4 protein chains.
Amino acid sequence: MEKYEIRTDLALETRELYKKATHIEDEVPGVQTIVDDSNPNFLITKVQILSEEGANLLGKPIGDYITIESPYMNDEVESIDNELITKIAETIKDVSHIIKKDSVLVVGLGNTDVTPDALGPKVINHLNITRHLAQYAPELLSENTREISAVIPGVLGTTGIETSDIIKGIINETAPDILIVIDALAAKDMNRISRTIQICNTGITPGSGVKNNRSSLTKENLGIPVVAIGVPTVVGIPTIIDEAISYVREKSAEADTVLNEKNYMQDILENKQFDFMVTPNTIDDIISNLARLISEGINEALK
Amino acid sequence: MEKYEIRTDLALETRELYKKATHIEDEVPGVQTIVDDSNPNFLITKVQILSEEGANLLGKPIGDYITIESPYMNDEVESIDNELITKIAETIKDVSHIIKKDSVLVVGLGNTDVTPDALGPKVINHLNITRHLAQYAPELLSENTREISAVIPGVLGTTGIETSDIIKGIINETAPDILIVIDALAAKDMNRISRTIQICNTGITPGSGVKNNRSSLTKENLGIPVVAIGVPTVVGIPTIIDEAISYVREKSAEADTVLNEKNYMQDILENKQFDFMVTPNTIDDIISNLARLISEGINEALK
Amino acid sequence: MEKYEIRTDLALETRELYKKATHIEDEVPGVQTIVDDSNPNFLITKVQILSEEGANLLGKPIGDYITIESPYMNDEVESIDNELITKIAETIKDVSHIIKKDSVLVVGLGNTDVTPDALGPKVINHLNITRHLAQYAPELLSENTREISAVIPGVLGTTGIETSDIIKGIINETAPDILIVIDALAAKDMNRISRTIQICNTGITPGSGVKNNRSSLTKENLGIPVVAIGVPTVVGIPTIIDEAISYVREKSAEADTVLNEKNYMQDILENKQFDFMVTPNTIDDIISNLARLISEGINEALK
Amino acid sequence: MEKYEIRTDLALETRELYKKATHIEDEVPGVQTIVDDSNPNFLITKVQILSEEGANLLGKPIGDYITIESPYMNDEVESIDNELITKIAETIKDVSHIIKKDSVLVVGLGNTDVTPDALGPKVINHLNITRHLAQYAPELLSENTREISAVIPGVLGTTGIETSDIIKGIINETAPDILIVIDALAAKDMNRISRTIQICNTGITPGSGVKNNRSSLTKENLGIPVVAIGVPTVVGIPTIIDEAISYVREKSAEADTVLNEKNYMQDILENKQFDFMVTPNTIDDIISNLARLISEGINEALK
């Protein structure tokens, strides 16, 4: 995370930020957005980046970005959980165009030892893995069972290897048809933390602004389609500072003018140790619950 | 934590906040402060609240509050760690006036499942416990071995019992001479997070402003002296907002005036889900390291 | 666990061992046993020790010991799990004679850091705790909500305090009407490990043969009725040796005669490091699953 | 683990078993063994399999197998730990013939969720990883810093992928010069559990008897030298039964004759659920301690 950057990994919020910054009322050029609020428990937003223009404006590749938002996501109400699992499964099938014979490799990104970053690894622990059964326990397979495998690659700081290189190596040896990656994300709106799931068909490029193509988990780089499933679990401190600053700018014309001339984010944060995250108090329970929902959604989609 | 409150559990910061709010240059009445910066690796500050006046002004009981601050606290440099352990041990002995025959009960406060709150329970796991040896393994005891016992009482939300009631019950059955409690704290200054240890001889009153005497862990309530050891591991979001607001107020007289009339903290936070904490990214490692340092310090002090 | 002892904590097995050792066909004097195999998924056995004679012969206090056995206990089949939860709830109510107004303290015995011993602490984490709500969140209470509290007292080796003393102290402060304790047990039959739940109304006396009344968790010692819920999770090595020895004795009369004159268990084990346990490979998953089932059973019983 | 098999992964014990079974007094043909008991704290045994004959007789590839045994391995005595770390480092350098410029990939085999199998993953967490620094933090590198990377590949049951395929893929992408694998082992002698470290230069072939070359982690299969570091953490139940049976056979000629005609291991175990492991009670602490020692030994060797 850049030290002074208002960061978000949600296409939904990138679009909101762009519209706010440019004061445009209409849709972003090259982008189409469909909102479905027909189910009172969920808000479904589909942001489609349709052209290079849209991709450049939002800083994200052409493709579909679907977010499922629900204030009830961590309430563990069985009926809502079941609707949510079904919705996750449908969305995965929708964006991936997966067919029955496609084999799938699922990758749990993130750091097992940092609670808000452990979503990906935790999802892997609940998946129905089948790829090895053909050889070791064929009696457990029904006809047409899909080959499903999964790995937890670790993070650069503890492996010393780009995650994309680990995955490339495994793809070369095991030849899956489709990749699904799960990751914890950052969001700008605190109310979206742990209450939003984004599913897209464009993969993941770690570090949004950075043009480090080699490390991105995309079809271009890995050679197979990549579905990315993410949940925002942290907010950056610059986001919180920005909310306070925006409040003052609205109330005081003088302050607004003064702040235009200042790199206020840097002024406020430059003497701070910058390795903090803002995360829910109950992040342990939240991660366990979300991992269960997403893994059941994936199991359902790949059945 | 109160929703809109700038919170700190450090006497050091309470004093700073009081002086800033009242614009006094001199020492707070009824308070004496001694700073020791003779060791370049550590800054030792002893805030002594000497009278009821000082206690009322700072909202903390009469007693000694010593903080050990070091930017190197999590660097795992063996020589600095050893100095730190010795300093912790000396400070515990200094504030407690413990004598050789005193038996000690150590209590690890906090929630094991919430990483930044798990400091207390983790310290307990590393202590040298001796109380049961007299009966079960007397051959392991040297003469004059002190009786040391320890408990992890849990938190109100998972036990349904005031922590003070659990401890009172155990004190009644086991009759220790001195209580040592360890807890994770909140601080106002992000640079103090995980780099400061506060040791005091006044116990702990959960929820600073609240007058809930029954739940406080103090000599008054428990009947024996209480040494409290704490490390700030989280900062509140109001603190971060306040830093941004202060920045603007300094730059713009108009903003300063406008904000005087506003309950800005409430305005900014009222629509937020308020169950967030701001904590270092590497809090897992930090808690493990601090638990090791503090437990070795306690073991050394009680040897 | 005694080093050379065939150990079991199940009244069911104590009775089997007694009958085998004494070659009696009929029921043990002072004992009554009722077997219910009407549900094909479960075997319910109720061993009632009715008199001092029965208590002396089986080395267990007068009272009811009900075991629920099922080969499907860890299969996570929802319908069987639900039947099992209902059966646990019914049995708790049956042996405890609990009434609506009784407040309950639940105690999770065992060592969190030793997987097969962590059953008790894990059950506590899933319980519906209510005791604190009357004071802190009365709006969450419906009328007649029972007061439920829970503690994880730790083990003697890490606390230095008899678990019974910790519990006595907490009972004195909080005055519950009934105590429920959960513990991991040892069994003699490997096929019962993790597939059997014993529920009794006589409490627990740690260390069967030892007469250490002070440390027992019983009505006599604690002053309130004690329901104990246990699952065998380990088998002792002497049990496995005994199975091998029994096999040979059946096949060879000479071996049978020779072994009568030998303290073979001591001969075989005396040079061994004796701190081993025999436990299922998948004990982590098993403990998680059993903790879930038992906590839901308790929640149901106390509703 | 084969259900009825006396299993060991230690070359030392394979040799002992062969000598006992064949009643030979001299060295096994094609094998040379050097014992070093000059340091009273350690017993070092170097079993060198020198020819195909030796390899066939012991069922292990030609190469060097060094075991470091110490009764003090888990006592956490600093001076002994330091000697042990030095000995591990020397042995790694000795069997690998590593030179300064060789890059190294370290692989932590085993299942993180099964305590006695988690040694490999835990070692990885303590290693000094450098491979990524050249690109991301060159200022942290001194000249001639060796490239060190590490992965935790998971186990077949949770990945669906042969571990050897995962490692092959990563080797293809990252081109290390030498592989070091760490794994938990089985031993025959309970007194060697957690007190023995085996270091060899022949890699690992999971499932000793099975000829599944594709899954072996060897130079032949992976293309680079493979150093394997292992510690026995479990004993099989057949081993314990065999000790009891051996005892009876020595005492009774009739039993010895009778047992010759019986497949006693199968008779005794066939109705058992066979997914048990025999492991020390304190395996959690033991694994943490061994992981620390081995990782420091590797760090020292690769410095």
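In case you missed it, the structure is sitting above this.
Residues numbered from 1 in each chain as written. Chains lettered and ligands numbered in written order. Predicted model: local features only at pLDDT ≥ 70, side-chain atom pairs only at ≥ 80, totals over all residues. Heavy atoms only, no water.

1. Describing the relation of the copies chain B and chain C
The condition that has to hold: We superpose the copies by least squares over the C-alpha atoms of residues that have a pLDDT of at least 70 in both of them. What makes two residues a contact is simply this: any of their non-hydrogen atoms within 4.5 Å.
Overlaying chain B with chain C gives an RMSD of 0.0 Å, the required rotation being 180° about an axis along which the chain moves by 0.0 Å. Here the transformation between the copies is reduced to the relation of a two-fold axis. Minimal C-alpha separation from the rotation axis in chain B is found for G169 of chain B, amounting to 1.9 Å. Both copies contact each other with a shared surface, as 100% of the interface residues of chain B are interface residues in chain C too.

2. Examining the interface of chain B and chain C
Our working rule: A 1.4 Å probe defines the accessible area here, and the buried area is the portion of it lost by two parts on being joined, summed over both. The salt bridge criterion pairs a side-chain nitrogen of Lys or Arg with a carboxyl oxygen of Asp or Glu, the two atoms within 4 Å. Here a polar contact is taken to be a pair of N or O atoms separated by no more than 3.5 Å, where protein atoms must pair a possible hydrogen donor with a possible acceptor and residues adjacent in sequence count only if both atoms sit in side chains. Secondary structure elements follow DSSP: runs of H or I of four or more residues count as helices, runs of E of two or more count as strands, with numbering from the N terminus. Asp, Glu, Lys and Arg are counted as charged, while Ala, Val, Leu, Ile, Met, Phe, Trp, Tyr, Cys and Pro are counted as nonpolar; the rest, among them Gly, fall into the polar class.
Taken together, the contact pairs 28 residues of chain B with 28 residues of chain C. Here chain B meets chain C over a buried area of about 2100 Å², counting both sides, of which 52% is carbon and sulfur. Run the count over chain B and chain C and you get zero salt bridges. Our enumeration of links across chain B and chain C arrives at 10 residue pairs in polar contact (both at pLDDT 80 or more). For the side of chain B that touches chain C, the elements supplying multiple residues, two or more each, are α5 (133–136), β5 (148–151), α6 (156–159) and α7 (163–174) of chain B. Here the side of chain B that touches chain C takes eight residues from α7 of chain B, the largest share from any one element. Taken together, the residues of the side of chain B that touches chain C break down into 10 nonpolar, 12 polar and six charged.

3. Considerations on the side chain of T115 of chain A
Position of T115 of chain A relative to the elements: it lies in the loop between β4 (104–108) and α4 (119–124). Among the polar contacts listed, one links the side chain of T115 of chain A to the side chain of T115 of chain B, at a separation of 3.3 Å. Setting aside residues up to four positions removed in sequence, T115 of chain A forms contacts with I283, D284 and I287 of chain A together with T115 and D284 of chain B.

4. Examining the interface of chain C and chain D
Note the cut-off: A strand pair is defined by DSSP finding two or more bridges across the two strands.
With 38 residues of chain C in contact, the opposing surface of chain D contributes 38 residues. Both faces considered, chain C and chain D share a buried interface measuring about 3700 Å² in area, 63% of it formed by carbon and sulfur atoms. Between chain C and chain D we count zero salt bridges in total. At the junction of chain C with chain D, the criterion picks out 10 residue pairs in polar contact (both at pLDDT 80 or more). Among the secondary structure elements, those contributing two or more residues to the side of chain C that touches chain D are α9 (237–251), α10 (253–260), α11 (264–269), β9 (276–280) and α12 (283–301) of chain C. Examining the composition of the side of chain C that touches chain D, we find that nine residues originate from one element, α9 of chain C, more than from any other. Here the side of chain C that touches chain D is composed, by residue class, of 21 nonpolar, seven polar and 10 charged. Direction of pairing for β9 of chain C relative to strand β9 (residues 276–280) of chain D: antiparallel, over a ladder of five bridges. By the bridge assignment for β9 of chain D, T279 of chain C is matched with M277 of chain D.

5. Topic: the pattern of salt bridges
Tallying each qualifying case throughout the model produces 52 salt bridges over all chains. In this structure, R15 of chain B engages E27 of chain B in a salt bridge whose closest nitrogen and oxygen atoms are separated by 2.8 Å. Within this pair, whereas R15 of chain B is found in helix α1 (residues 11–22), its partner E27 of chain B is found in the loop between α1 and β1 (31–36), the two being separated by 12 residues in sequence. Linking E90 of chain C and K87 of chain C is a salt bridge whose minimum nitrogen-to-oxygen distance equals 3.6 Å. Taken as a pair, E90 of chain C and K87 of chain C lie in helix α3 (residues 78–96) at a separation of three residues, close to a single helical turn.

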